[in-house]
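Listed here are the chains, written in short residue letters.
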Amino acid sequence: MPDTLTEAFEEQRDRLCAVAHRVLGSHADAEDVVQEAWLRLSRQDAATIDNLAGWLTTVVGRISLDVLRSRRSRPEAPYDEIVVAVDEGPEAGVALADSIGLALLVVLESLGPGERLAFVLHDLFAVPFEEIGRILGKTPGATKMLASRARRKVRTPTPPPSAGREQREVVDAFLTAARDGDFEGLLRVLDPDVRLTVDTPDGVVVVLGATNVAAGARFGAAGGGRAVLVGGLPGVVAWRPDGSPLSVVAFTVTDGFISGIAAVADPARLASMDLPEPPGTVGTAG
């Protein structure tokens with residue numbers, strides 16, 4: 001058994017970070033949540049806690065839920081980190097990057113805070129519905145319904161190839177307009193209620209609405225961008241001149257308009273992804 005409360009907490013840290021990261025989709029936010037959980041534990045009389053692991057899971061769940069609910073539109077937030085380029089010409093293939101971790105994040109972003117928490121805690125970490133219900137302030141039955149609804153959304157089949165080509169055309173139109181600084185062109189392909197989520201080293205930035213997204217879409221025409229599929233969605237991965245990954249961006253297209261954009265620009269998350277090699281690196285060794 002651990003000798004101190006600090007040691008007991010450290011034994012739980014990795015699991016708690018994993019829970020918070022899956023719920024929030026951001027390493028930085030997850031670390032902040034776990035640190036807040038430690039501060040609350042340090043102010044708690046440990047003798048009153050019968051199940052430390054369960055207590056900490058509940059605290060992390062509640063803090064994560066507060067973070068999800070409090071995320072606000074930040075139209076003024078710059079996101080220069082998202083620099084993408086469009087593969088040119090009919091010979092440009094679409095690379096399937098099955099293991100890009102952004103895929104699950106794209107789906108989770110479509111869930112409400114309660115659905116997201118219930119799905120992650122139950123389906124990914126086997127937390128009983130009774131415990132999740134206490135976090136959400138709902139009965140176990142209502143919590144089970146939230147998780148079931150989230151599960152159906154997560155398991156929605158990938159669109160057929162024909163829809164994929166149509167989606168890619170919409171995304172290409174967006175990227176071209178962004179590269180050219182065509183504000184009106186951006187508005188033509190963005191859903192009025194589009195949601196942009198950017199995972200940066202400082203946390204998740206959320207931008208809501210076509211006008212705000214278009215105003216901030218300072219996408220550069222840097223070389224090295226490559227069209228990919230992210231969990232069946234059209235996307236782009238871009239690299240810095242030194243070959244290190246710069247960003248991964250995935251687009252959700254609904255009825256001919258971009259309704260969601262999910263991007264990862266956090267170097268820590270990018271380093272953990274199984275990304276394709278940047279152009280020009282194949283066969284260059286030796």
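Residues numbered from 1 in each chain as written. Predicted model: local features only at pLDDT ≥ 70, side-chain atom pairs only at ≥ 80, totals over all residues. Heavy atoms only, no water.

1. What about the pairing of strand β2 (residues 190-200)?
For the record, the criterion: Only when DSSP finds a minimum of two bridges between them are two strands counted as paired. Here a helix means four or more residues in a row that DSSP labels H or I, a strand means two or more in a row labelled E, and each is numbered from the N terminus.
Of the strand pairs in this sheet, β2 and strand β7 (residues 257-264) are connected by 6 bridges, and their pairing is parallel. Residue pairing in the sheet places L196 in a bridge with I261 of β7. Note that β2 and strand β3 (residues 203-208) share 6 bridges and pair antiparallel. Bridge pairing in β3 places V198 opposite V205. Here β2 folds back onto β3, and the loop between the two strands holds 2 residues.

2. Overview of the confidence of the model for the protein chain
The criterion, for reference: Every residue gets a pLDDT, meaning the predictor's confidence in that residue, from 0 to 100. Contacts are assigned to residue pairs that have any heavy atoms within 4.5 Å of one another.
Looking at the protein chain as a whole, the pLDDT averages 77, with 76% of positions reaching at least 70. Within the protein chain, the lowest mean pLDDT, 31, falls on strand β1 (residues 95-96), and the highest, 93, falls on helix α6 (residues 129-136). Residue range residues 219-224 is modelled with pLDDT below 50. Its contacts to residues more than four positions away, or to other chains, number 18 contacts. Ignoring residues within four places in sequence, the model shows residues 282-286, a span with pLDDT below 50, making 0 contacts including any to other chains.

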